Structures are given as structure tokens and as C-alpha cells.
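# Chain and residue survey
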Amino acid sequence: DRTTILDLAQQACDNFQPDVIVGSSLGGALAMRMARCYQIPAVLISPVWNTQVNLASFGSAALLLQAFAAPALRDIFTDELPARSLILHSPRDDVFDFNHSRALLMRPHNELPGDGEEIRRIRDVAVQLRNRFDLTSQIDGQECPDRLLATGNDHRMNDTQSLQVIAAAASS
């Protein structure tokens, strides 16, 4: 149940006091919530932050997800992005569309405020990662928001380059 999920995540943050939280897919929603709560940076990998998931991509597990997990997880979803966060998402994601991450970053309450040192740092990290890994800054003719890095072949983000980008982002 969702209380247990949130409780376990809070216990982990309390016990380990992480410097950064990394979350992928549904874990991205939980990572967003924990990073905001504990004011720590987050690396979000294809984060599922709302209920608009392509359930067909889950195959036979879709019915179980829809019947049991989705209702319990709905309260974990948030559209409040931690200020010190980067999103890595594949433009070829068939589970949670790349444009959902673009939309998340474009929400007015998620725009980076002002020009403070932390804000410049997160933008600099994104630029450095784009340059280091030769990542495109445009998808479908549209500029990617500062904190959105387009990498990967699919939702899993388990190709070599994506794993290297994830490791570099988490250590930045």
C-alpha cells in the first residue's frame, strides 16, 4: 500500500541520508517526492509522474498494474519537480512518452527561479553532460528544456551510453 511505500522511502532517506536520489520509471515519482521532502538533488530516469502510462507496454502485467498498483500509487504521483534535478528520458520511450517529461519541466511552478548559484550549477551540469556525451538538445524540432537530457533507446535506459550518463549525472 502507498503508506508503506512512502514510509519505507522516508526510512531509507532518514537512515542513509543520501547526497542524491536516483529513481526510474515509477520509482521516479517516489524519487521526486523524497527529493523535494529532503531538499536533495535527484536524477530522474524516464519518470512516471502521472497516470498516463501506456499500460499495453506492460503486456500481461498491465491488468495487475491497473487493478492493484495504479490506485495505490496515485497519491505518490506529483508534478512538483525538485529544483536540483535532472531528467534523463529516451525520445523512443514506449511506456511513458518523452513529451511528458518536457511537459513536467514546462509547468510554471517547475521553472527554475532566478539566477542563483544552485540554479546555474544544475544548468551547467546539464550542458556539460550534453557536451560530454554528444546528446541532442532538440527533439522533433523543439528545444529540450535545460534539465531534460535525451538519451537511451527505450524506457529501460539500460544501453551503455544511458548508464554512463546516469552515473555521471548522479556523481555531478
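Further up the page is the structure itself.
Let me sum up the structure you'll find in this document. Because the structure is predicted, anything quoted here is derived from the model rather than measured.

Considering all chains together, one arrives at two salt bridges under this definition. When the shortest N-O distance is used, the salt bridge between Glu-80 and Arg-36 registers 3.3 Å. A residue pair is termed long-range when its members are at least 10 positions apart, and Glu-80 in the loop between α3 (61-73) and β3 (85-89) and Arg-36 in helix α2 (residues 26-38) qualify at 44 residues. With its nearest N and O atoms 2.6 Å apart, the salt bridge here joins Arg-123 to Asp-146. Residue Arg-123 is found in helix α5 (residues 117-132), and its partner Asp-146 is found in the loop between β5 (142-143) and β6 (148-150); the two are separated by 23 residues along the sequence. Residue classification places Arg-123 among the partly exposed positions, given a relative accessible area of 26%. Asp-146 gets classed as partly exposed once you look at its relative accessible area, which sits at 37%.

Despite not being glycine, Gln-39 has its phi angle at roughly 55°, a positive value. Within the secondary structure, Gln-39 is located in the loop between α2 and β2 (42-45). On the basis of relative accessible area, Gln-39 is assigned to the exposed category, the value being 59%. Positive phi outside glycine occurs at Met-157, with the angle close to 55°. Mapped onto the fold, Met-157 is located in the loop between β6 and α6 (160-171).

This part is about the nonpolar core. Membership of the largest hydrophobic core comes to 25 residues, with the highest contact counts inside it found for Ile-21, Met-32, Leu-44, Leu-81, Ile-87, Phe-98 and Leu-104. When contributions to this core are tallied by element, the ones reaching two or more residues are α1 (2-16), α2, β2, α4 (98-106) and β6. By residue number, the principal contributor to this core is α2, which donates six residues.

Taking 1.5 Å per residue as the helical rise, α5 with its 16 residues ought to reach 22 Å, and the 22 Å between its terminal C-alpha atoms agrees with that figure. On its buried side, α5 packs onto β3, β6 and α6. Phi turns positive one or two residues past the end of α5, at Asp-134, with a value near 55°.

The terminal C-alpha atoms of α6 lie 17 Å apart, and with twelve residues this matches the ideal 16 Å at 1.5 Å per residue to within 8%. Residues of α6 that are buried include every one of Ser-162, Val-165, Ile-166, Ala-168 and Ala-169, and no others. Where α6 is buried, its residues contact β2, β3, α5 and β6.

Another aspect to go through is the sheet that holds β6. Pairing is parallel in the open sheet, where four strands are placed in the order β1-β2-β3-β6. The strands lining the two open edges of the sheet, one partner per strand, are β1 (21-24) and β6. Averaged over all pairs of adjacent strands, the angle between their axes in this sheet comes to 15°, without regard to strand direction. In terms of strand pairing, β2 meets β3 through four bridges, oriented parallel. Residue pairing across strands places Val-43 opposite Leu-86, the latter belonging to β3. Across the sheet, α5 is in contact with β3 and β6; its angle to β3 comes to roughly 30°.

Cut-offs used in this document
Residues numbered from 1 in each chain as written. Predicted model: local features only at pLDDT ≥ 70, side-chain atom pairs only at ≥ 80, totals over all residues. Heavy atoms only, no water. Salt bridge = Lys/Arg side-chain N within 4 Å of Asp/Glu carboxyl O. Helix = DSSP H or I, 4+ residues; strand = E, 2+ residues; numbered from the N terminus. Buried < 20%, exposed > 50% of the residue type's maximum accessible area, 1.4 Å probe, protein only. Core = buried A, V, L, I, M, F, W, Y, C linked by side-chain atoms within 4.5 Å. Expected span 1.5 Å × (residues − 1). Contact = heavy atoms within 4.5 Å. Pairing = 2+ DSSP bridges. Axes fitted to C-alpha atoms, helices over the stretch in contact; angles between N-to-C directions.

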